[in-house]
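Results of the structural survey
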Amino acid sequence: MSELMLGNQAVARGLYEAGVSVVSSYPGTPSTEITEFSSKYPEDEIYCEWAPNEKVACEVAIGASMAGARSFCAMKHVGLNVAADPLFTASYTGVNGGMVLAVADDPGMHSSQNEQDSRHYAIGAKVPMLEPSDSQECKDYAKLAYEISEKFDTPVILRLTTRVSHSQSAVTTEDRIERTLPEYKKNIAKNVMVPANAIKKHVVVEQRTLDLIEYAETSGINTVEMNSDEIGVITSGICYQYAKEALGDKASYLKLGMVNPLPVKLIKDFAAKVKTLYVIEELDDVIETHCRKNGIDVKGKELFTLQGEYFQSKVKQVVLGEKDEWQTLDAEIPVRPPVLCAGCPHRGVFYILKKLGVMVSGDIGCYTLGAAAPLSAIDTTVCMGASISGLHGFNKGRKGEYEGKAVAVIGDSTFMHSGITSLVDIAYNRSNSTVIVLDNSITGMTGHQNNPANGKNIYGDPASAVNLEALAHAIGINSVTVVNPGDLAETERVIKEELAKAEPSLIIARKPCALLKTVKHKPPFHIDADKCKNCKSCMRIGCPALVSGDKCITIDNTLCVGCGLCEQLCKFDAIKE
Amino acid sequence: METKSIMIVGVGGQGTLLASRILGSVLGTAGYEVKVSEVHGMSQRGGSVVTYIRYGEKVYSPVIEKGQADMIISFEQLEAARYVSYLKKDGTIITNTQKISPMPVITGAAEYPDGIIDKIKAMGINVIAVDALSAAEKAGSARAVNVVLMGVLSKVLPGIELDAWKKAVEKCVPAKVIEINEKAFDLGREM
């Protein structure tokens, strides 16, 4: 039977069919749905969980593999930075049950803070990496990855990109492989990576790479399709689809299903059969560098770019010199950037922070949108958890000058991910830093996943919830205050008070995400046109439900959820419930 | 047959993803190879959103670029204006007449352009403009704009049985709101 599936859904299907029984991940666009779809299979067949971060998730998968289970973790490209530590040594220990790590890169940065190329991690960790180009391959390669993992005693990375993860195409499903758990045997030489053991294992790893190169040459995972002796294309993943769309039978193709390690003889043989050879790969010049290193003359990044996505028109233009034509509308079209939703609990905090003119050390989540106009409240955003440690560094760097004039903002899920250790640093190394946890009781930006602080697990079942107040006290933060960010006056008072204290402090701005189904909203507010002076005070909060007009402001009743923030800003009593 | 390309564009939160799933499902049932490309994440938060649907005997790229689309279904006027350059010369655009101001217009940094639909018509493009919001409200929920527009599309797109559309709607919308959506689809067909 064949059905349309997202690439991520097809990976989950592949896990199911491969007999995987443990999945642990932290959400991250564009990888999140793999774990969400996995959790829809019976829990006694595939146990799934949201881990606090990718490092934990990867270690859970390693432990499950050592126990003999086929295990899995998924993450976005920057998540692999977090999980890199366990991965590099799991490469040395190898596996018992097969272990696969899926990483989703985001060329074009649809929803990411950088455009890094995860293939470097496969090279660095010396582990095989497979790259599917559509949903059927997502499923097939996920299953194949477990065979490779167990055959070569190594974790395997499945590399996805946004267009593969988030495109739907037809997938043929099969039954689940019923797998009996192999016996667990203690094996210190294999699994305890102290220098004496690791020195021996490194030799094994290098031999494994040679064996995998042989596999890459002969196994059929890398395929040659001869159509033309004029133009040859070496490519992988979604770029294969772009190349086929653009060039069809005008080119011959070497499609690499395994992007690490790369074959040599296969590429040389292919190169010998074509006049001009192109490498078509988004992001870094990984395949191109490999070709050049092996004396194979190719055209690559001098014609393409290191930035963004390629698509078929770019391939057509570069290789065939053909350009598409189109017409444009004769009008200035305003951009439509993403915004904090109407009723978003973060809005009040950012309004006050902007009003107070403080430096705001930001983090990764929906609330990064607090950097957008008109709030423009955030000064910095780097990576998960960096708001807190970055603020501490900022305060130390300015020799205390900004203590009382700077805060960190971080969401509840991001705080669980990697904010806690940063808060420990503030308490331990003493800076008078004020941290605001924006606790909306959910992992928001990735589409509402439960987390260790909201009392529910991946299945929606009740779970232990981290008590943020008690945690902060235990760390050594004595001043901990909870505030409702829907109350502007109270929020302003608390932030001012905490900033004035000569000690580290934590503010928990607690109000659930306005999009949560469990949140009951008031009816939309409306504007009394007679009272509205069109002073636009309310417009400063950047709510998408407020619409400016020539005579007065109006409220879009399809968007307004009655949060009442604008009402608190109106000096003329013109905004009513 | 040559591969066909349809784009669904709108504002994050308008339900464009559900519309693309209905269309993908209908085309798959009709025996075509189908690829649907979505972008999640940042773009959902009230930003401009676009979904590509490509179908035919054999489809490679899931992506549609400028000058390549046979048809665009736009959930909002400004988004119709933004993406009209993606249409082929003889392309068709179905657009909802609803206007949603983007943040630069809300803050007064930019103006919402006038006369978008007339300007698109002046480009020689086949325009079908409908008030899908009113129809959705009439059906029982402003959220059913997506299914109203699928109703409009079902009259224009050749080669698909009405029954297949109805089954796809039933399959893709949440069980609780099937009745509203069936009504929304029928109202779309009448427009």
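Residues numbered from 1 in each chain as written. Chains lettered and ligands numbered in written order. Predicted model: local features only at pLDDT ≥ 70, side-chain atom pairs only at ≥ 80, totals over all residues. Heavy atoms only, no water.

1. Comments concerning the domain arrangement of chain A
All names here are of chain A. Put simply, the rule reads: The split into domains, and so the bounds of each, comes from an automatic or database assignment of domains. Whether two residues are in contact is decided by their heavy atoms, any of which lying within 4.5 Å being enough. Accessible area, probed at 1.4 Å, shrinks when two parts are joined; the buried area is that loss added up over both. By definition, a salt bridge exists where a carboxyl oxygen of Asp or Glu is found within 4 Å of a side-chain nitrogen of Lys or Arg. Throughout this description, a polar contact denotes any pair of N or O atoms lying within 3.5 Å of each other; where both atoms belong to protein, one of them has to be capable of donating a hydrogen while the other can accept it, and for residues adjacent in sequence the pair is counted only when both atoms sit in side chains. Only runs of H or I of at least four residues qualify as helices and only runs of E of at least two qualify as strands under DSSP, and these elements are numbered from the N terminus. Under the scheme applied, nonpolar residues are Ala, Val, Leu, Ile, Met, Phe, Trp, Tyr, Cys and Pro; charged residues are Asp, Glu, Lys and Arg; polar residues are all the others, including Gly.
Per the domain assignment, the segments of chain A are domain 1 (2-179 + 187-218), domain 2 (222-320), domain 3 (346-510) and domain 4 (520-577). A separation of 32 Å is found between the C-alpha centroids of domain 1 and domain 3. Contacts between the two partners involve 19 residues from domain 1 and, on the opposite side, 16 residues from domain 3. It is Y26, W50 and Q113 that lose the most area in domain 1 upon contact with domain 3, and together they represent 38% of the buried surface on that side. In this assembly, domain 1 and domain 3 are joined by zero salt bridges. Counting across the domain 1 and domain 3 interface gives six residue pairs in polar contact (both at pLDDT 80 or more). Every element with two or more residues in the side of domain 1 that touches domain 3 is listed here: α2 (32-38) and β3 (47-50). For the side of domain 1 that touches domain 3, the element with the most residues is β3, which contributes four residues. Taken together, the residues of the side of domain 1 that touches domain 3 sort by class into eight nonpolar, seven polar and four charged.

2. Here's the deal with a nonpolar patch on the surface
Residue and element names in this part refer to chain A. Just so we agree on the cut-off: Note on patches: the residues involved have over 30% relative accessible area and no salt bridge, like charges join within 9 Å, and the nonpolar side chains Val, Leu, Ile, Met, Phe, Trp and Tyr join within 5 Å. For accessible areas, the Shrake-Rupley method is used with a probe of radius 1.4 Å. Any residue's cover is judged against the shown protein chains and nothing else. Note on exposure labels: buried denotes an accessible area under 20% of the residue type's maximum, exposed denotes more than 50%, and partly exposed covers the range between, all computed with a 1.4 Å probe on protein chains only.
The grouping of I188, V192 and V194 at the surface amounts to a nonpolar patch, some 220 Å² of accessible area in total. Checked against the element boundaries, I188 lands in helix α8 (residues 188-191). I188 gets classed as partly exposed once you look at its relative accessible area, which sits at 48%.

3. As for the sheet that holds strand β1 (residues 2-6) of chain A
Heads up, the rule is: Here, strands pair whenever DSSP counts at least two bridges between them. Axes, fitted as lines to C-alpha atoms, cover a helix only where it is in contact. Angles between the N-to-C directions of the axes lie from 0 to 180 degrees.
The strand order across the open sheet built from eight strands is β1(A)-β8(A)-β2(B)-β3(B)-β1(B)-β4(B)-β5(B)-β6(B), with neighbouring strands paired in mixed fashion. Because the sheet does not close on itself, it has two edges, and the strands there are β1 of chain A together with β6 (126-130) of chain B. Direction aside, the axes of adjacent strands within the sheet are offset by 20° on average. When strand β1 (residues 4-11) of chain B meets strand β4 (residues 69-74) of chain B, the two strands line up parallel, connected through four bridges. Bridge assignment links B:I8 to a residue of β4(B), and that residue is B:I73. Packed on one face of the sheet, helix α6 (residues 135-152) of chain A meets β1 and β8 (167-172) of chain A and runs near 60° to β8(A).

4. Notes on the nonpolar core
Quick note on the threshold: Joining through side-chain atoms within 4.5 Å is the link that ties buried Ala, Val, Leu, Ile, Met, Phe, Trp, Tyr and Cys residues into a set, and such a set is a nonpolar core.
Among the nonpolar cores identified, the biggest contains 82 residues, and A:V11, A:F72, A:L130, A:I280, B:M7, B:I72 and B:I120 are the most heavily contacted of them. Residue contributions to this core reach at least three from each of two domains, namely domain 1 (2-179 + 187-218) and domain 2 (222-320) of chain A. The residues touching B:I72, leaving out its near neighbours within four places in the chain, are B:M7, B:V9, B:Y83, B:V84, B:Y86, B:L87, B:T92, B:I93 and B:I94. Within the second largest apolar cluster, 68 residues are counted, among which are A:A406, A:I426, A:A427 and A:C532.

5. A word on the packing of aromatic side chains
Residue and element names in this part refer to chain A. Rules: Ring pairs are drawn from Phe, Tyr and Trp, using the six-membered ring of Trp, whenever the two centres fall within 6.5 Å, and their geometry is named by plane angle: stacked under 30 degrees, edge-to-face over 60, tilted for the rest. Should the NZ of a Lys or the CZ of an Arg lie within 6 Å of a ring centre and within 35 degrees of the ring normal, that charge is described as sitting over the ring.
If you walk through the whole model with that rule in mind, you get 10 aromatic pairs over all chains. For the pair Y16 and Y41, a centre-to-centre distance of 4.3 Å together with 10° between the ring planes defines the contact as stacked. In this pair, Y16 sits in helix α1 (residues 7-17) while Y41 sits in the loop between α2 and β3, placing the two residues 25 residues apart along the sequence. No difference in accessibility class separates Y16 from Y41, as the two residues are buried. In this structure, K40 packs its charged tip against the face of F37, placed 6.0 Å from the ring centre. Between K405 and the ring centre of Y402, over which it is positioned, the NZ or CZ distance is 5.4 Å.

6. Overview of the interface of chain A and chain B
Each side of the interface is counted separately: chain A has 53 residues, and chain B has 50 residues. Summed over both sides, the interface between chain A and chain B buries roughly 4,600 Å², with carbon and sulfur atoms accounting for 60% of that surface. Interface area lost by chain A to chain B is led by A:Q327, A:L329 and A:R336, which between them contribute 19%. Joining chain A to chain B, the criterion identifies three salt bridges. The partner of A:R336 in a salt bridge is B:E76, and the shortest N-O contact between them spans 3.0 Å. At the junction of chain A with chain B, the criterion picks out 21 residue pairs in polar contact (both at pLDDT 80 or more). For the side of chain A that touches chain B, the secondary-structure elements that each account for two or more residues are β1, β8, α10 (238-247), α13 (311-320) and β20 (546-547) of chain A. Ranked by the residues each element gives to the side of chain A that touches chain B, the list is headed by α10(A), at five residues.

7. So, the packing of helix α15 (residues 386-397) of chain A against helix α16 (residues 412-429) of chain A
All names here are of chain A. The condition is simple: Put simply, angles under 35 degrees are roughly parallel, angles over 145 are roughly antiparallel, angles from 65 to 115 are roughly perpendicular, and the rest are oblique.
Orientation of α15 relative to α16, taken along the N-to-C sense of each, is 30°, at an axis distance of 7 Å. Judged on the interaxial angle alone, α16 and α15 are roughly parallel. Contacts from I388, S389, H392 and K396 of α15 reach α16 at F415, G419, S422, L423, D425, I426 and N429. Here the contact of α15 with α16 is composed, by residue class, of four nonpolar, five polar and two charged.

8. Some words on the pattern of salt bridges
All names here are of chain A. For the structure shown, the criterion picks out 43 salt bridges over all chains. For D153, the salt bridge identified is with K190, shortest N-O distance 2.9 Å. Taken together, the positions of D153 in the loop between α6 and β7 (156-161) and K190 in helix α8 put the pair 37 residues apart, joining distant regions of the chain. Look at D153 and you get partly exposed, because its relative accessible area is 25%. A salt bridge links K275 to E230, with the shortest nitrogen-to-oxygen separation between them at 3.0 Å. One end of the pair, K275, is in the loop between α11 (265-273) and β13 (276-280); the other, E230, is in the loop between β9 (222-225) and β10 (231-235), and 45 residues separate them in sequence.

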